[in-house]
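# Secondary and tertiary structure notes
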Amino acid sequence: MTQVADRRARVAHTSPSVSMFARMLLRAAVLRRRRAASALLAMVVAAAVATAMMNLYVDVQAKLRTEFRNYGANIVIVAKEGQSLPADALAKVESVLGTKTLAVPFAYAVARTQNGQSVVVVGTDFARARQLNHWWKVSHWPDAQNEVLVGMRAATVVSPKGSPNRQPFELTFQGKAIELAPAGMLQTGAGEDSRIYLDQSEFQNWTGVAPSTIEVAANGTTAEIEASIRQLAQLLPSAEVRPVRQIMEAEANVLNKTRATVYASAALVVLTSALCVLATLMGWVFDRRRDFAMMKTLGASERLINGFFAAEAAALGTVGAVLGFLIGIGVAAWIGRVNFHAPVVPRIGVFPYVLAGSIAVALISAVLPIVLLRRVQPAIILRGE
Amino acid sequence: MFPRIVYESFRHQARRKLLAGIAIALGVAVATAMIAVATDIGDKINRELRSYGANLVVTPQEDTLDVEVGGVNLKPPSDGAFLNEADLPKIRGTFWHNNIVGFSPMLPVTVKLGSGNDAKDVTLLGTYFNKALSFGKNDFTTGVRITHPWWKVSCGDGKESPNCGWPDDNSQNVLLGERLAAKANEKAGDAIEVAGRKLTVSGVLSTGGAEDDQLVAPLALAQQIIGKPGAVRSVYVSALTKPADALSVRDPKTMTPEVYDRWYCSPYVESIAYQLQEVIPHSHAEQIRQVAQNEGTVLSRIKGLMLLITFAALFASALAVSAAMATAIYERRVEVGLMKALGAGNLAVSAIFFAEALLLALVGGVAGFSAGALLARQIGRSIFNSRISIEPVLFPIIIAIAVFVTFAGSAAAIRRAVKFDPVFALRGEG
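Residues numbered from 1 in each chain as written. Chains lettered and ligands numbered in written order. Predicted model: local features only at pLDDT ≥ 70, side-chain atom pairs only at ≥ 80, totals over all residues. Heavy atoms only, no water.

## Some remarks on the packing of aromatic side chains
Any aromatic ring pair is given by two values, namely how distant the centres are and how the planes are angled relative to each other. All chains considered together, the criterion is met by 22 aromatic pairs over all chains. Ring geometry for Tyr-57 of chain A versus Tyr-263 of chain A: centroids 5.2 Å apart, planes at 50 degrees, classification tilted. Residue Tyr-57 of chain A is located in helix α3 (residues 33-68), and its partner Tyr-263 of chain A is located in helix α9 (residues 245-287); the two are separated by 206 residues in the primary sequence. Considering the side-chain rings of Tyr-260 of chain B and Tyr-264 of chain B, the 5.7 Å spacing of their centres and the 35 degrees angle between planes classify their relative orientation as tilted. Taken together, the positions of Tyr-260 of chain B and Tyr-264 of chain B, both in helix α6 (residues 257-264) and four residues apart, correspond to about one turn of that helix. Residue classification places Tyr-264 of chain B among the buried positions, given a relative accessible area of 18%. (Phe/Tyr/Trp six-rings, centres within 6.5 Å; stacked < 30°, edge-to-face > 60°. Helix = DSSP H or I, 4+ residues; strand = E, 2+ residues; numbered from the N terminus. Buried < 20%, exposed > 50% of the residue type's maximum accessible area, 1.4 Å probe, protein only.)

Now the structure itself:
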């Protein structure tokens, strides 16, 4: 106690009045460091949780969109009836949409098997198709000349039951025959099961048919994808560019619902953290009613007292927000890695909101007790009643 | 004496107790709502994922190969095997019938659109739109309006009108695909000639797929055109499924009876396909991998995200409750000093505080649980348009958590209050 009194006396003697305010602030924090630390801790935790939630909310859409791209193409470019796309169509598409977008060409022809049955043969780029269509169940991807992927149902036509698997078979297209070896089976549960897939260049050498369809998996919001569609339509006037509504609408639907849920949850979490700060800080300020009474007795104006407590709250809010923000982006990054296996990009744009919110909550919790205490005579507080 | 001290404490410090109680109630409410939302989110998102359409397709076992390019079927319409329409309601009799959201039979036939020399070949797709069926005592409706939610019907001239829309399943009206309508220059309300019959266009259909170039008609009409009553080429089934795991991909033929029962009684897409084959004779059911395989990942990502947010919520509410309790106790050091000066032991003082904390936790917990249930319901209604139900088993768990967190939050503060020297407390220093 005497130590404290000594220090107080020294402070009063040596400090010019200008820095008195700053000294009071600093002393208040140092002398009651346990209480100040617990208030700061509450502030930091709340700011960290708020940062993590806001960061996640901003990022969750982008993260989920990449997941939704596993559903495959959301734009198809189809040549006008019976025609092929221009040879440079794929290059054009890629130049417009950038390398991050996946574009896969498909060419179709109806060939005949040796016993005269019709079967659809598709020419495509296997590497790209594999990336676009994650859901294709393929026993083995072709890697050699004239190797093909045979759809589950097409297999019964080209290699009838009883004949050994992976036996080469012959197909003819407009009189031109080709010997093909099945590399693996393709199973999708949709139209692909009835087709045979061949490498694009080998397909074109054999049939002379160029790609008539390009499937594109474009990343981005609905508006961005619509803009891409308009751009592509301008670029390829001879083709028809259309969105795959099944994919786009379902994605928008699920995304909106998820976003709304995350929003509601994040709002609840942020609100609870603010409540935590409010409870801690109000207790802290209320606890210092003797300081308040002492200042008033010594003749401090109401403005000075308000200013003192407000400055203290603002300082606490700022320090808490900065520390909390740093921890919060760490937490968000961790959640991103655990749940999405991709880092959550720290959003600096979130910081002003966290800072403003922290200071606002700190100010409210400082000013509220002061307003309550103002009505009480300092003498009563100092008597300890 | 003990109950009286606690009672008087609540009576005289009603406002402070109310504040602490409110903090506990709010914390519990947020925790309850978040747990309820997180436990139900999987089911809700699973339902939303059904907007991707059917995840299973049933075809005849001895089906011939589809020869189809860009939605145009090059195979003669009467070729191949068919399923029997009369078997379809049995889909509602499978083990997982409650998980089957809807199904749509499909019968594509090639028809001549127009008359005389202008006539051209188009595909007419027969299906259910919103057909009323019954299985046993169970009445239900099903069709593309449930299984293909992205199909949109308009008037075709950009105007909205009550006269155009989905055709009735028992009518002779058809939908005209968007691009076909533009090519043929027809719109809703027009009469067209299809396969020698005069039909009315009830609306223009936009799907973004092959159907945009086709006619879509009630199933019965397509069957009349090819003269095969009851014929169905394929059935698209939309079912709520459980994400695939190690068990789901095993071959049922190699399973032991116990494993088989477990597999059969899990709503895997594989076991539902198996059950569809059982009820529809001579059929082959296959998962549509584009839809079925991706559901699991999206679902687990969203569930994982909500789980982590729920942890954050629980953490934040635990902190808020602790902070409120700590503050409430810290303010009562003088009281502690007085009690100790009068000879109360540390144990007696702590017991009073813990008893008060317990009371607060119980009252705040009950109030918070009810508020949280309301909050969860509100979230469910405004976001998913359906109720989020709260499991009654959650109640004791939530109350136990509330009591535990209140105790844990109070413990440090109580310890410090008890250790505080009564002399300083009574002198008003500290």
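## Examining the side chain of Gln-223 of chain B
Within the secondary structure, Gln-223 of chain B is located in helix α5 (residues 219-226). If we ignore the near neighbours within four places in the chain, the residues touching Gln-223 of chain B are Glu-85, Leu-107, Lys-228, Pro-229, Gly-230, Ala-231 and Val-232 of chain B. (Contact = heavy atoms within 4.5 Å.)

## Remarks on the environment of Gly-317 of chain A
All names here are of chain A. As for its position among the elements, Gly-317 is in helix α11 (residues 302-340). A relative accessible area of 0% places Gly-317 in the buried class. Residues Gly-317 and Gly-175, spaced 142 residues apart in sequence, show a C-alpha to C-alpha distance of 81 Å. Setting aside chain neighbours within four positions, we find Gly-317 in contact with Met-43, Ser-358, Ile-359 and Ala-362.

## So, the pairing of strand β8 (residues 138-142) of chain B
Residue and element names in this part refer to chain B. Pairing of strand β7 (residues 131-135) with β8, which is carried by five bridges, proceeds in the antiparallel orientation. Counted as the bridge partner of Ala-132 is Thr-141 from β8. If you look at the hairpin formed by β7 and β8, you'll find two residues sitting between the two strands, and Gly-136 has a positive phi there, around 60 degrees. (Pairing = 2+ DSSP bridges.)

## Concerning the confidence of the model for chain A
Residue and element names in this part refer to chain A. Put simply, chain A has an average pLDDT of 83, and 93% of its residues get 70 or more. Looking at the elements of chain A, mean pLDDT is at its lowest for helix α1 (residues 2-14), recorded as 50, and at its highest for strand β8 (residues 195-199), recorded as 93. Low pLDDT, under 50, characterises residues 11-15; the stretch is placed with four contacts to residues that sit more than four places away or in other chains. (pLDDT = per-residue confidence, 0-100.)

## Some details on a positive patch on the surface
A cluster of like positive charges, contributed by Arg-34 of chain A together with Arg-415, Arg-416 and Lys-419 of chain B, occupies part of the molecular surface. The topology assignment puts Arg-416 of chain B in helix α11 (residues 394-419). Given a relative accessible area of 32%, Arg-416 of chain B falls into the partly exposed group. (Patch = residues over 30% accessible without salt bridge, like charges linked within 9 Å, V, L, I, M, F, W, Y side chains within 5 Å. Areas by Shrake-Rupley, 256 points an atom, 1.4 Å probe, with all protein chains shown as cover. Salt bridge = Lys/Arg side-chain N within 4 Å of Asp/Glu carboxyl O. Lys, Arg positive; Asp, Glu negative; His and termini not counted. Charge placed at Lys NZ, Arg CZ, Asp CG, Glu CD.)

## Observations regarding the interface of chain B and chain A
Between chain B and chain A, the contact holds 71 residues from the first and 67 residues from the second. In this assembly, chain B packs against chain A so that about 6100 Å² is buried in total across both faces, 64% of it on carbon and sulfur atoms. Of all residues in chain B, Tyr-52, Leu-65 and Arg-301 of chain B bury the most surface against chain A, accounting for 13% of the area lost on that side. Across the pair Glu-249 of chain A and Lys-152 of chain B runs a salt bridge, and its minimum N-O distance is 3.0 Å. Taken together, the links from chain B to chain A amount to 14 residue pairs in polar contact (both at pLDDT 80 or more). When residues in the side of chain B that touches chain A are grouped by element, the largest group, 27 residues, is from helix α8 (residues 289-330) of chain B. (Buried area = accessible area lost by both parts, 1.4 Å probe. Polar contact = N/O pair within 3.5 Å; in protein donor to acceptor, adjacent residues only side chain to side chain.)

## What to know about the pairing of β8 of chain A
All names here are of chain A. For β8, a buried count of four out of five residues is recorded, marking the element as mostly surrounded by other parts of the structure. In the sheet, strand β3 (residues 118-124) pairs with β8 via five bridges, with the strands oriented parallel. Counterpart to Val-122 in the pairing with β8 is Tyr-197. In the sheet, strand β5 (residues 147-151) pairs with β8 via two bridges, with the strands oriented antiparallel. In the strand pairing of β8, Leu-149 is matched with Tyr-197.

## Things to note about the confidence of the model for chain B
Counting all residues, the mean pLDDT for chain B is 86, and 96% of those residues have values of 70 or more. Across the predicted assembly, pTM comes out at 0.82 and ipTM at 0.83.

## Here we look at the packing of helix α1 (residues 2-12) of chain B against helix α10 (residues 346-384) of chain B
When two helices pack together, their arrangement is given by the angle between the helix axes and the distance between those axes. Residues and elements named next belong to chain B. Their axes nearest at 10 Å, the elements α1 and α10 cross at an angle of 55 degrees. When the axes of α1 and α10 are compared, the pair comes out oblique. α10 is crossed by α1, and the crossing has right-handed handedness. For the pair α1 and α10, contact is made by Phe-2, Ile-5, Val-6, Ser-9 and Phe-10 and by Ala-348, Ala-351, Ile-352, Ala-355, Glu-356, Leu-359 and Leu-360, respectively. Of the residues that constitute the contact of α1 with α10, the class distribution is 10 nonpolar, one polar and one charged. (Axes fitted to C-alpha atoms, helices over the stretch in contact; angles between N-to-C directions. Parallel < 35°, antiparallel > 145°, perpendicular 65-115°, else oblique. Left-handed = near helix turned anticlockwise from the far one by under 90°. Nonpolar A, V, L, I, M, F, W, Y, C, P; charged D, E, K, R; others polar.)

## Structural notes on the environment of Gln-200 of chain A
With respect to the helices, strands and loops of the structure, Gln-200 of chain A is situated in helix α7 (residues 200-207). Along the sequence, Gln-200 of chain A and Val-122 of chain A sit 78 residues apart, while their C-alpha atoms lie 8.1 Å from each other.

## Considerations on the side chain of Arg-92 of chain B
Residue and element names in this part refer to chain B. Considering the arrangement of structural elements, one finds Arg-92 in the loop between β4 (83-84) and β5 (100-113). Within the buried core, Arg-92 has no salt-bridge partner, and the shortest N-O distance to an opposite charge, that of Asp-139, equals 10 Å. Once you skip the residues sitting within four places of it in the chain, Arg-92 turns out to touch His-97, Ile-100, Val-101, Phe-135 and Phe-140.

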